[in-house]
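Descriptive analysis of the structure
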Amino acid sequence: MLPDFDAAPERLAPRLLGWTLLVDGVGGLIVETEAYDADDPASHSFGGRTARNAAMFGPPGHAYVYRSYGLHWCLNFVCREAGHGAAVLIRALEPTQGLVRMQQRRGLDNPRLLAAGPGRVAQALGVDDRFDGLPLDRPPFELQPPAGAADIVSGPRIGITKAAERPWRFGIAGSRFLSRPMR
DNA sequence: CTTTCGATGATCT
DNA sequence: GATCATCGAAAGG
């Protein structure tokens, strides 16, 4: 069973919450996401296809990984349809599997800080540009459906200047593992 | 608790 | 040459 990667990003993003994301058996529950679309000035795909964002214009259900601020990696799930340029940014996980491995990679103990933020997620999972364009339906990736329904909250996306009013950030209400509290 | 700032490099104009 | 879908440490209330 897999998420509906053919959906528009603002619909896929909330639906991903509660799924378990593992990379080589390490990861946890997705608790925070953001949607980015082609007609969205905040999106890397807004200006059309380039070398960096090529994976965003590839088939749905694949990874788009980019370098942020010259230091961090960020992981997205491509969605909608091939050639469109839509994706969902994975912003935070509640760690459940491979705690020690994540603590080693992050150089931290506190489970709360292991994957609370997109750069932290990628570092904890060992994701970098080698994962750009890889399919999400087979190893090293594994996705497991939610155990039950969760309360979902939405709000403005973080760290953007354009289209800042779109409420395309989604989180599980009350989770302690968000990059920032929802509002 | 809050705000500020430096790190660091690819990407795009 | 400016702009980042960020993080962590430091400084101030």
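A quick note: this is a predicted structure, and the numbers were derived from the prediction, not measured. (Residues numbered from 1 in each chain as written. Chains lettered and ligands numbered in written order. Predicted model: local features only at pLDDT ≥ 70, side-chain atom pairs only at ≥ 80, totals over all residues. Heavy atoms only, no water.)

Taken together, 21 residues lie around DNA strand C, and Tyr66, Tyr69, His72, Asn76 and Arg120 are the ones closest in. Side-chain polar atom of Arg91 to a phosphate oxygen of DNA strand C: 3.3 Å apart, as the coordinates give it. Of all elements in the fold, only β3 (63-68), β4 (72-79), β5 (86-97) and α3 (118-125) reach the threshold of two or more residues within the surface near DNA strand C. In terms of residue count, α3 provides more of the surface near DNA strand C than any other element does, 3 residues in total. Partitioned by chemical class, the residues of the surface near DNA strand C number 9 nonpolar, 8 polar and 4 charged. (Near = heavy atom within 4 Å. Polar contact = N/O pair within 3.5 Å; in protein donor to acceptor, adjacent residues only side chain to side chain. Helix = DSSP H or I, 4+ residues; strand = E, 2+ residues; numbered from the N terminus. Nonpolar A, V, L, I, M, F, W, Y, C, P; charged D, E, K, R; others polar.)

Our next topic: the protein's contact with DNA strand B. The environment of DNA strand B is formed by Thr50, Arg52, Tyr69, Gly70 and Leu71. The sugar-phosphate portion of DNA strand B accounts for 53% of its atoms within 4 Å of the protein, the bases making up the rest. Thr50 places a side-chain nitrogen or oxygen 2.6 Å from a phosphate oxygen of DNA strand B. The backbone of Tyr69 places a nitrogen or oxygen atom 2.6 Å from a base oxygen of DNA strand B. Partitioning the surface near DNA strand B into residue classes produces 2 nonpolar, 2 polar and 1 charged.

All right, on to the nonpolar core then. If you look at the biggest cluster of nonpolar residues, it comprises 41 residues, and the most contacted ones within it are Leu21, Ile30, Leu75, Phe77, Ile90 and Leu125. The greatest single-element share of this core, amounting to 5 residues, is contributed by β5. Not counting residues within four places of it along the chain, the set of residues in contact with Leu125 comprises Leu21, Val23, Val26, Gly27, Leu93, Met102 and Arg105. Grouped together as the second largest cluster of nonpolar side chains are 11 residues, Ala55, Tyr66, Cys74 and Leu89 included. (Core = buried A, V, L, I, M, F, W, Y, C linked by side-chain atoms within 4.5 Å. Buried < 20%, exposed > 50% of the residue type's maximum accessible area, 1.4 Å probe, protein only. Contact = heavy atoms within 4.5 Å.)

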